[in-house]
Each structure stands twice: as C-alpha cells, then as structure tokens.
Amino acid sequence: MIELSRAVYDDIVYHAYGGGEAEICGVLAGTHGDDGEPSVVTEAYQAENVAETPQIRYLIDPEEQFELIETIEGDGLDVVGFYHSHPTGPTHPSETDAARATWPDHSYVICALDGYPFVGSWRWRDDDGFEQETVSVRSER
C-alpha cells in the first residue's frame, strides 16, 4: 500500500495535465514501507523528461536523479519510488516500464489521463515484475 498526501496527489495530477502530450516524471519521497507497512509519500520532486520520444517514454537524466536523491536524503526522507504519466493511457505499467524498472520494492506511480485522471501504483518485485498496490490519499491535518 502507498499513501499519498493530498498535496502530492494533486501535484502529480496537475503536473501530468501540464505535460500536455508528453509524459511527465519525478521522484516520490517520504517513508518507505517494508514488511506490510505502507509507504507514506509526503513530497513529490519533479524531474525533466529527457527521453527522445517523450510522448511515449520517460527518462530522468541520471545526474538529475542523483541530485534529487541527495536532496531527498538531505531532507531526512526516503526515496519511496517514482511517478510518471501516460497522457493517453494505459492505466497500468507498459512493457517498457517493466523493462526499465530498476528499484526493487519501490513504488512506480502512474497518472493516466485518458479521460478522467487515474492514479495507480505498482511495486517493482524485480524477477516477479510489477505488483499492483492500493493507493490511499491522506487528508492534510
């Protein structure tokens, strides 16, 4: 299970709409849950999509990703996972998403915009592929 703060959920959806026909991407930070505990995302760090075909792929520049991870860890947070959009669907990870996933036991959030926005999440289980997880949105208190 992954819990997104309301602000993070909104940021992901608005970032996706702002990307137009191109996929958007970023890094999720908060508390990484293990052993049945949910991951809690309190921050979303936007990244530039440097893929050659951003309409159908996303790629975070390795140097930018390293800088974002250093910032996240410097803020005392864990890297929970990553997010990107599918401007015209599908609502699940593509074969390319699976081929490029490299962070075992981390979440990959997808915001699909084919119609009403859909935000789903999958944990990368390495040899077992993606495992869908429940997405919960936490109200700010």
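Residues numbered from 1 in each chain as written. Predicted model: local features only at pLDDT ≥ 70, side-chain atom pairs only at ≥ 80, totals over all residues. Heavy atoms only, no water.

An unreviewed UniProt entry lists the protein chain under the name Mov34/MPN/PAD-1 family protein, with Halorubrum lipolyticum DSM 21995 given as the organism.

(A) View of helix 2 (residues 62–74). With 13 residues, helix 2 ought to run about 18 Å at 1.5 Å a step, and its terminal C-alpha atoms sit 18 Å apart, in line with that. For helix 2, the full list of buried residues reads Gln 65, Leu 68, Ile 69 and Ile 72. Relative to the axis of helix 2, the buried residues are bounded by an arc of 100° and lie together on one face. Across from the buried face of helix 2, at angles greater than 90 degrees, the exposed residues are Glu 63, Phe 66 and Gly 74. In this fold, the buried residues of helix 2 make contact with strand 2 (25–31), strand 3 (39–47) and strand 4 (78–86). By the N-cap criterion, in which a side-chain oxygen at the helix start approaches the backbone nitrogen of a residue two or three places on, helix 2 is capped by Asp 61, the distance to Glu 63 being 2.9 Å. In the segment just after helix 2, Gly 76 is the residue with positive phi, at about 80°. (Helix = DSSP H or I, 4+ residues; strand = E, 2+ residues; numbered from the N terminus. Expected span 1.5 Å × (residues − 1). Buried < 20%, exposed > 50% of the residue type's maximum accessible area, 1.4 Å probe, protein only. Arc of directions from axis to C-beta. Contact = heavy atoms within 4.5 Å. Polar contact = N/O pair within 3.5 Å; in protein donor to acceptor, adjacent residues only side chain to side chain.)

(B) Representation of the nonpolar core within the structure. With 16 residues, the main nonpolar core has Leu 4, Ile 12, Leu 28, Val 41, Val 109, Cys 111 and Val 119 as its most contacted residues. By residue number, the principal contributor to this core is helix 1 (residues 6–18), which donates five residues. Look past the residues within four positions of Cys 111 in its chain and what remains in contact with it is Ile 12, Val 13, Ala 16, His 84, Ser 85, His 86, Phe 118 and Val 119. Of all hydrophobic cores here, the second largest spans 15 residues; its members include Cys 25, Ile 72, Val 79 and Tyr 108. (Core = buried A, V, L, I, M, F, W, Y, C linked by side-chain atoms within 4.5 Å.)

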